[in-house]
Amino acid sequence: MSTTDVRGRFISFEGTDGCGKSTQMRLLAAKLRAEGQDVLETAEPGGTRIGLQIRSILLDSTNQELSPTAEMLLYFACRAQNVDEWILPALDRGATVLSDRFTDSTLAYQGAARGLGREVVMALHQIACRGLLPGLTIYLDIDLDTSLERAHARNRLIEDKDERRMDEQAVEFHHRVRQEYLKLAEMEPGRIKVIDGRADRKTIAARIWETVHRV
Ligand code: TYD
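Conventions we followed
Residues numbered from 1 in each chain as written. Predicted model: local features only at pLDDT ≥ 70, side-chain atom pairs only at ≥ 80, totals over all residues. Heavy atoms only, no water. Helix = DSSP H or I, 4+ residues; strand = E, 2+ residues; numbered from the N terminus. Rg over C-alpha atoms; globule rule 2.2 N^0.38 Å. Buried < 20%, exposed > 50% of the residue type's maximum accessible area, 1.4 Å probe, protein only. Contact = heavy atoms within 4.5 Å. Areas by Shrake-Rupley, 256 points an atom, 1.4 Å probe, with all protein chains shown as cover. Lys, Arg positive; Asp, Glu negative; His and termini not counted. Charge placed at Lys NZ, Arg CZ, Asp CG, Glu CD. Pairing = 2+ DSSP bridges. Axes fitted to C-alpha atoms, helices over the stretch in contact; angles between N-to-C directions. Salt bridge = Lys/Arg side-chain N within 4 Å of Asp/Glu carboxyl O. Core = buried A, V, L, I, M, F, W, Y, C linked by side-chain atoms within 4.5 Å. Expected span 1.5 Å × (residues − 1). Arc of directions from axis to C-beta.

**Some remarks on the overall build of the chain**
Inference 1: Across its full length, the chain carries eight helices and five strands.
Inference 2: Shown N-terminal to C-terminal, the secondary structure of the chain runs as helices and strands in the order β-α-β-α-α-β-α-α-β-α-α-β-α.
Inference 3: Rg of the C-alpha trace for the chain: 16 Å, near the compact-globule value of 17 Å for 215 residues, within the 12% margin.
Inference 4: Residues counted as buried form 48% of the 215 residues belonging to the chain.
Inference 5: Across the chain, contacts joining residues at least 24 apart in sequence account for 80% of those joining residues at least 6 apart.
Inference 6: Approximately 10200 Å² of the chain is accessible, and the part contributed by carbon and sulfur atoms is 52%.
Inference 7: One way to put it: in the chain the 30 positive side-chain charges average out to a point 4 Å from where the 33 negative ones average out.

Shown next as structure tokens:
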């Protein structure tokens, strides 16, 4: 199936750790369903059964020796499986697909923060996703202090699952992630919409709803 002739809408949610995108995505999905839309919710890394197995390698904090390139390829392996198994079939039947993170995450975390570069990430994107990009990306922007505070609070709640590897990165790493997101939004203002993630939940949801309808 080609990625250019799909019928449905594809919306991704992006942001640094703890920005609240997962909650906002759930709220948007509920609203769209209430309108009678067929909605597929997915998340990366994860999504598919195989993707969840790859996720456990990626987020395992004992995997400290995972090389940046191996890490990037695993994120793309996860995404390729998700695109083929869930996303393209859903778009083809006319559904709206909501994804908690997509290739912009790899651009920000591996391309910028790990320093692998945009070109490498986009070359792999062409292979793994055959160029499929969301029509709309909601980037929930929060400052670094808020992001780390929320991530640490969440980590304290994760007891049995060891999923802290990415959250344990240095402050400088998270700074580079945010700077890249802001740069990407500047480069692609038509697709990536920046929404202030520090507002209260209801206000953010209203802004997202308005953006989705406008775009
Ligand atoms: P997750 O527990 O799903 O948290 P979040 O709510 O922040 O999405 O963790 C995903 C982690 O993986 C997060 O730190 C961002 C990182 N990540 C990448 O580094 N590259 C990627 O391509 C993706 C999809 C995620």
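**Section: the sheet that holds strand S3 (residues 96–100)**
Inference 1: Spatially, the five strands line up as an open sheet ordered S2-S3-S1-S4-S5, and their pairing is parallel. Across the chains shown, the open sheet's two edge strands, defined by having one partner strand only, are strand S2 (39–43) and strand S5 (192–196). Ignoring which end each strand starts from, the neighbouring axes of this sheet average 20° apart.
Inference 2: Relative to S3, strand S1 (residues 9–14) runs parallel, the two sharing five bridges. Across the sheet, residue Ser12 finds its bridge partner in S3, namely Ser99.
Inference 3: Sheet strands touched by helix H4 (residues 103–113): S1, strand S4 (136–141) and S5. Its angle to S1, the strand with the most contacts, is close to 30°.
Inference 4: The strands that helix H7 (residues 171–187) touches are S1, S4 and S5; relative to S4, the one it contacts most, it runs at about 140°.

**What about the pattern of salt bridges?**
Inference 1: By the definition in use, this model includes 16 salt bridges.
Inference 2: What you see here is one network of salt bridges that share partners, running through Glu14, Asp17 and Arg101.

**Notes on the nonpolar core**
Inference 1: Among the nonpolar cores identified, the biggest contains 29 residues, and Phe10, Val83, Ile87, Val97, Leu132 and Val177 are the most heavily contacted of them.
Inference 2: Listed by contribution, the elements that provide at least two residues to this core are helix H3 (68–92), H4, helix H5 (118–129) and H7.
Inference 3: Considering each element in turn, this core owes the most residues, eight residues, to H3.
Inference 4: Beyond its immediate sequence surroundings of up to four residues, Val83 is in contact with Leu88, Pro89, Phe102, Cys129, Arg130 and Leu132.
Inference 5: Within the second largest apolar cluster, 17 residues are counted, among which are Phe13, Leu98, Leu140 and Ile195.

**Details of H7**
Every α-helical turn comprises 3.6 residues, leaving residues that sit three or four positions apart pointing alike.
Inference 1: Taking 1.5 Å of rise per residue, the 17 residues of H7 would be expected to cover 24 Å, and the 25 Å separating its terminal C-alpha atoms lies within 8% of that figure.
Inference 2: If you check which residues of H7 are buried, you get Phe173, His174, Val177, Glu180, Tyr181, Leu184 and Ala185. Looking straight down H7, one finds its buried side chains confined to an arc of 135°; they lie on one side.
Inference 3: Check the buried side of H7 and you find it contacts S1, H4, H5, S4, helix H6 (144–157) and S5.

Such coordinate-based values are descriptive only and should not be taken to indicate function.
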